[in-house]
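# Inside the fold
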Amino acid sequence: MSPAADPAAPIVDPAAARLTPHAVVRTVTLLVNPRSGSTGPGAGERARALLAEWPVRAQVIVLGSEDFEAQIAAALAGKPDLLAVLAGDGTARTAAARAGPDGPLIAPLPGGTMNMLSRALYGTTDWVEALTATLEAGVPRDVSGGKIGGHVFYCAAILGSPALWAPAREAVRRGRLDLAWSYARKALRRAFGGRVRYRLDGGPVRRAEALALLCPLISRALNGSEDGLEAAALSPADAAEAFRLAYHAMTSDWRHDPAVLTAKVRTARVEARSRIPAVLDGESVLLGPRARVRFQPRAFRALAPAPPAAADSV
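Keep in mind that this is a model prediction, so the values were computed, not measured.

Attention now moves to the pairing of strand S11 (residues 229-234). Taken across its 6 residues, S11 has 6 buried, putting it largely inside the fold. Here S11 shows no split at all, with Leu229, Ala231 and Ala233 on one side and Glu230, Ala232 and Leu234 on the other all buried. Here strand S10 (residues 210-214) runs beside S11; their pairing, made up of 5 bridges, is antiparallel. Bridging across to S11, leucine 214 finds its partner in glutamate 230.

Helix H3 (residues 89-99) packs onto helix H2 (residues 68-77) with a crossing angle of 40 degrees between their chain directions and a minimal axis gap of 10 Å. Relative to H3, the element H2 lies oblique. In this structure, the crossing between H2 and H3 has a hand that is right-handed. Every residue of H3 that contacts H2 at Phe68, Glu69, Ile72, Ala73 and Leu76 is listed here: Thr91, Thr94, Ala95, Arg98 and Ala99.

All right, on to the environment of leucine 135 then. With respect to the helices and strands, the residue leucine 135 is situated in helix H5 (residues 127-137). Take leucine 135: its relative accessible area is 0%, and that puts it in the buried class. Setting aside residues no more than four positions away along its own chain, leucine 135 makes contact with Arg18, Leu19, Thr20, Val25, Leu51, Trp54 and Leu82.

Where empty space is left in the structure can be found by rolling a water-sized probe over the atoms. One pass over the full model with this rule turns up 1 cavity of 30 Å³ or more. Lining the largest cavity are Ala87, Gly88, Asp89, Ala92, Pro108, Leu109, Pro110, Asn115, Leu117 and Ser118. The set of elements that each furnish at least two residues to the lining of the largest cavity consists of H3, strand S4 (105-110) and helix H4 (116-122). Element by element, the count of residues in the lining of the largest cavity is highest for S4, at 3 residues.

What counts and how
- Residues numbered from 1 in each chain as written.
- Predicted model: local features only at pLDDT ≥ 70, side-chain atom pairs only at ≥ 80, totals over all residues.
- Heavy atoms only, no water.
- Buried < 20%, exposed > 50% of the residue type's maximum accessible area, 1.4 Å probe, protein only.
- Helix = DSSP H or I, 4+ residues; strand = E, 2+ residues; numbered from the N terminus.
- Pairing = 2+ DSSP bridges.
- Axes fitted to C-alpha atoms, helices over the stretch in contact; angles between N-to-C directions.
- Parallel < 35°, antiparallel > 145°, perpendicular 65-115°, else oblique.
- Left-handed = near helix turned anticlockwise from the far one by under 90°.
- Contact = heavy atoms within 4.5 Å.
- 1 Å grid on protein atoms, 1.4 Å probe; cavity = no way out; pocket = protein on both sides within 12 Å on 5 of 7 lines; lining within 4 Å.
- Points joined across faces, edges and corners; volume = space filled by probe spheres on them.

By themselves, these are just geometric observations and shouldn't be taken as functional.
Following this line, the structure appears as structure tokens:
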């Protein structure tokens, strides 16, 4: 005979047992941008069906083209335990910045083109796989980052003329070869002629073709240290040196190239003769002629499997 059941034993819901034991996740709000690079028009319904399989109170919000900032604010005002974002890097950054270190846990799922933040946290470009792993084994973690004026970044920022190539790349992706050629010619005109001046942590003023700032989330050199950004000044003198730097980036550690100067910093100041082109976590922005970069040790809280995947560490 089988032993009698213990009436005092707790009743375990098999569905609830699937949820991560590392965080309280009772309510989930998922923001979907169907116009992002890799989501598609059916992503909202697919997300609802997926979340219906989990023992959580779930809400799926499809972002509109005009009022998505208000929709993000409303989602945060609802105070869910987890705010998942299925959209591009820009929307994920906006939600994370609005949440801040004291807001709900954020899950920036891969729904865009570059997916820098989501790939760093989840190591995949499949949003269903990323969301499932988060609900099953997610661990809360503080994510550090950087801030430039009103802009934030959590993976990397590139300031200087190399950032001008980003619009050309995006135009090619959209099939606008005419725009790509126009942007490429503009980038070539600025190359090796639009150098920036920079100061790291109040040190001496130096010049470089571009200044890259890598966050602890993806910097191999920082090795998980959360006390600063890795600054890399890129100073190829001509096209030949630029090609050599690109070759080193593909075949070895680019930090060993003589045209690269690296340092760990908490603040940086960058100046140029005109407005500074920049790429923040894969998104192009145009800064003013002066920019101040500050390290943020606790920018927001993410929910992701441990250890972090860091698929795009550099």
